[in-house]
Amino acid sequence: MKTYFKDKLYSQKDLDISLISWGDKDLTYNDLLLAYENTDLKEVKKGDVVALVGDYNPKSIAFLFKLIDIGCIVVPLTEDTKNQHNYFFENAEVDWIISDNQISKYHAAIEDKNNFIKNLKSTSSPGLILFSSGTSGKPKAILHNLDSFFERYSNINKVMTTLSFLLFDHIGGLNTFFYSFFAGSKIVFPEGRDPNYIWKLIEKQNIELLPTSPTFLRLSKASVDFSSMSLENLKLITYGTELMEESLLHWYIDKFPHADFRQTYGLSELGILRIKGEEKNSLFITIGGKTEYKIIDNVLHIKAENPMLGYLNAENPFDKDGYYNTKDIVEKKGDYFKIIARETDLINIGGQKINPLDLETFLLSISEIKDASVYGVPNKILGNTLKLDVEFIQGLHLEKKELNKIILDKFPTIYRPSSISFINEPQYNHRYKKMRKNE
């Protein structure tokens, strides 16, 4: 069985190269090698399912490396989801839990495992279990074969100092980390997600690659004084996890003419896919590599090169040809498409389906508005009506009557919110995405 991390650590000729920056401390290959060798997992055996509650810190990274090299099935979790951990432990059929750098046997460990886990164990390959966000029901346990998962990192050679923005339990965060490690890039882990702190860290550490979310970029635009910073080293900003509005993308392109901007696309079930954008300033993309896709009734279906093995706690989502219904609604243009909504986000008002993102995007183009959330609330007559939460830029304000007039000048009456709330602290989940009413 291949040992991905031990081989990489021992093959590094210069062990004093700084690979990871965490807080005020830089970690070298030698630091990681020592942490790896000093990590005691003698009770754990190949094929065991291990929940690793941690973050991108030296000890958690050492545990992660060693568990994968042993051939375990790893369930990365964070403290932010602690109230869901028992659900995660049970649905992932966990044998061991590592928390606060201590390992303990899980009392409900199951001998007769799910067939997907049993089949993976029979191959001696390491595995990864991720959980969906649960926005459309209970979080789903998603099982990957890591031998297949790691194929995407086999021939990478682009070395860029990278900020790790996405988290330890998120496929985007793991992709950033694994890509950087196998490429030999230095990766910087922030201690918070406040926009001013992040951009100052980018300046201080000469970050070249920032993988982030539209929500973070939106909040940064409203709160960060970019003119006071030297950010010429930033070469690439990638954005994904949620929809981007074109006006925001164009604003950042103007602000950072020296940087490239690329949209990313992936799902926990399918992995991070190879995406080609139409142009730097366009949201139209196509999918490359060996992945195939088709569009049925404007909904994107994907047959990925290395998809998950399956759900541990839900039915098989693939059709007979291996395509996965992403539930992303797209607009087609030649060989490219643009994602415009998710089926689950559409709101049925009096029999008419409304895309709340259309109204959100319009409102976010208004200079006084820092953030806006549009969502449905139940209504006995119409089924649903729209509710609007608005956060204004400090010192600026619009009255509800003014907002309604602005909306009705642009949209039909059905888009008029039944209620408008002015908020100071918008809600974001631990993955720094805007919270929806059902999260």
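Everything discussed here concerns the structure shown above.
As a starting point, this report considers the structure included with it. For clarity, every value in this text was computed on a predicted model and none was experimentally measured.

1. A look at the nonpolar core
- In this structure, Phe5, Phe150, Phe177 and Phe178 are the most contacted members of the largest nonpolar core, which totals 42 residues.
- It is helix α7 (residues 171–183) that provides the largest number of residues to this core, a total of 7 residues.
- Look past the residues within four positions of Phe5 in its chain and what remains in contact with it is Tyr36, Phe65, Ile68, Asp69, Phe150, Phe178, Phe181 and Phe182.
- Leu217, Ile237, Tyr239 and Leu283 belong to the second-largest nonpolar core, a separate cluster that totals 28 residues.

2. As for the environment of Ile202
- Along the chain, Ile202 turns up in helix α8 (residues 195–204).
- In this structure, the C-alpha to C-alpha distance between Ile202 and Pro190, residues 12 residues apart in sequence, is 9.6 Å.
- With residues near it in sequence (within four places) discarded, Ile202 still touches Ile207, Leu210, Leu231 and Leu234.

3. Regarding the environment of Asp95
- Relative to the helices and strands, Asp95 is located in the loop between α4 (85–91) and β5 (96–99).
- Using a relative accessible area of 6% as the deciding quantity, one classes Asp95 as buried.
- Setting aside chain neighbours within four positions, we find Asp95 in contact with Asp48, Val49, Ser104, Lys105, Tyr106, Ala109, Ile110 and Lys113.
- At 3.0 Å, the side chain of Asp95 forms a polar contact with the side chain of Lys113.

4. Brief notes about the sheet that holds strand β8 (residues 141–145)
- Pairing within the open sheet is mixed, and its 7 strands lie in the order β6-β5-β3-β4-β7-β8-β20. Two strands close off the open sheet at either side, each with one partner strand: β6 (102–105) and β20 (310–311).
- Pairing of strand β3 (residues 49–53) with β5 involves 3 bridges; the strand directions are parallel. Of the residues in β5, the one forming a bridge with Ala51 is Ile97.
- In the packing of helix α3 (residues 58–70) onto the sheet, contacts are made with β3, β4 (73–77) and β5, and the angle to β3 comes to roughly 165 degrees.

5. As for the sheet that holds strand β26 (residues 383–392)
- Spatially, the 3 strands line up as an open sheet ordered β25-β26-β27, and their pairing is mixed. Looking at which strands have only one partner, the edges of the open sheet turn out to be β25 (369–379) and β27 (419–422). Here the average twist between neighbouring strands, direction ignored, is 20 degrees.
- Note that β25 and β26 share 10 bridges and pair antiparallel. Bridge assignment links Gly376 to a residue of β26, and that residue is Leu386.

Analysis parameters
Sequence order sets the numbering: in each chain, residues are counted from 1 along the sequence as written. Reporting in this predicted model follows two pLDDT cut-offs: at least 70 for local features of residues, and 80 or more for side-chain atom pairs to be given and counted; totals over whole chains, interfaces and linings ignore these cut-offs and use all residues. Side-chain measures here rest on the full set of heavy atoms in the structure, leaving out hydrogens and waters. Buried residues of nine kinds, namely Ala, Val, Leu, Ile, Met, Phe, Trp, Tyr and Cys, make up a nonpolar core once their side-chain atoms join them within 4.5 Å. When a residue's accessible area, from a 1.4 Å probe over protein chains only, is under 20% of the maximum for its type it is buried; when over 50% it is exposed; and in between it is partly exposed. Comment: elements are numbered from the N terminus, with helices defined as DSSP H or I runs of at least four residues and strands as E runs of at least two. For this analysis, residues touch if any pair of their heavy atoms sits within 4.5 Å. Polar contact is the term for a pair of N or O atoms within 3.5 Å; when the atoms are in protein, one must be able to donate a hydrogen and the other to accept it, and sequence-neighboring residues count only if both atoms are side-chain atoms. Strand pairing follows a simple DSSP-based rule, namely that at least 2 bridges must link the two strands. In this analysis an axis means a line fitted to C-alpha atoms, helices contributing only their contacting stretch, and an angle means the value between N-to-C directions, from 0 to 180 degrees.

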